[in-house]
Amino acid sequence: MPVVEELGIDLGTVNVLVYVRGRGSVLQEPSVVAQELETGDVVAVGEEARSMMGRAPETIIVRRPLRAGVIADYRVTQQMLFHFMSSAIGKTRLLKPRVCVTVPFGATQVERRAVQE
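All of the points below concern the structure found in this document. (Residues numbered from 1 in each chain as written. Predicted model: local features only at pLDDT ≥ 70, side-chain atom pairs only at ≥ 80, totals over all residues. Heavy atoms only, no water.)

## Here's the deal with the pattern of salt bridges
Thought 1: Counted under the stated rule, the structure contains 4 salt bridges.
Thought 2: In this structure, R63 engages D73 in a salt bridge whose closest nitrogen and oxygen atoms are separated by 2.9 Å. Linking R63 in strand β6 (residues 60-63) with D73 in the loop between β8 (70-71) and α2 (74-89), this pair joins segments that are 10 residues apart in sequence.
Thought 3: Classification of R63 by relative accessible area gives partly exposed; the value is 29%.
Thought 4: Within the structure, one salt-bridge network assembled from shared partners comprises E6, R21 and R98. (Salt bridge = Lys/Arg side-chain N within 4 Å of Asp/Glu carboxyl O. Helix = DSSP H or I, 4+ residues; strand = E, 2+ residues; numbered from the N terminus. Buried < 20%, exposed > 50% of the residue type's maximum accessible area, 1.4 Å probe, protein only.)

## Points about α2
Thought 1: Here α2 is 16 residues long and its end C-alpha atoms lie 22 Å apart, about the 22 Å a rise of 1.5 Å per residue gives.
Thought 2: Among the residues making up α2, those that are buried are V76, T77, M80, L81, F84, S86, A88 and I89.
Thought 3: Between the side-chain oxygen at the start of α2 and the backbone nitrogen of R75 there is a gap of 3.3 Å, and the oxygen is on D73.
Thought 4: Remark: G90 follows α2 within two positions and exhibits a positive phi of approximately 95°. (Expected span 1.5 Å × (residues − 1). Polar contact = N/O pair within 3.5 Å; in protein donor to acceptor, adjacent residues only side chain to side chain.)

## Some thoughts on the sheet that holds strand β3 (residues 24-30)
Thought 1: On the basis of which strands lie adjacent, the open sheet formed by 4 strands has the order β3-β2-β1-β9 and mixed pairing. In this open sheet, the two strands that pair with only one neighbour each are β3 and β9 (98-102). Geometrically, the sheet is characterised by an average inter-axis angle of 20° between neighbouring strands, direction not taken into account.
Thought 2: Sheet topology places strand β2 (residues 15-20) next to β3; 6 bridges connect them, and they run antiparallel. Among the inter-strand pairings, N15 is bridged to a residue of β3, identified as P30.
Thought 3: Packing against the sheet, α2 makes contact with β1 (6-11), β2, β3 and β9, and its axis sits at approximately 135° to β1. (Pairing = 2+ DSSP bridges. Axes fitted to C-alpha atoms, helices over the stretch in contact; angles between N-to-C directions. Contact = heavy atoms within 4.5 Å.)

This is how it looks when you write it as structure tokens:
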């Protein structure tokens, strides 16, 4: 019987931490995303994207999709999380992982719903 991975994600404004049950903390990356300006395609995530800050060509925008602990750009955050989860547990899983994501204490209901989706 396949095992369902269980993940804990601390979605921080500066860094994202991913914990996998049984393996411990497996990922700590900056919450930074680099995108093609014209198409919106993600070019780099995490440390690779952070290293592009101030050095990226004009066709690429490097930004943080989280502000003050809450999601500022839903789609970019979704892509960033997918990348981090894939890095932590691999892409070829039959079952979806169980995921627990932290939200700041002062997050509004709308902000909590955005994280849940």
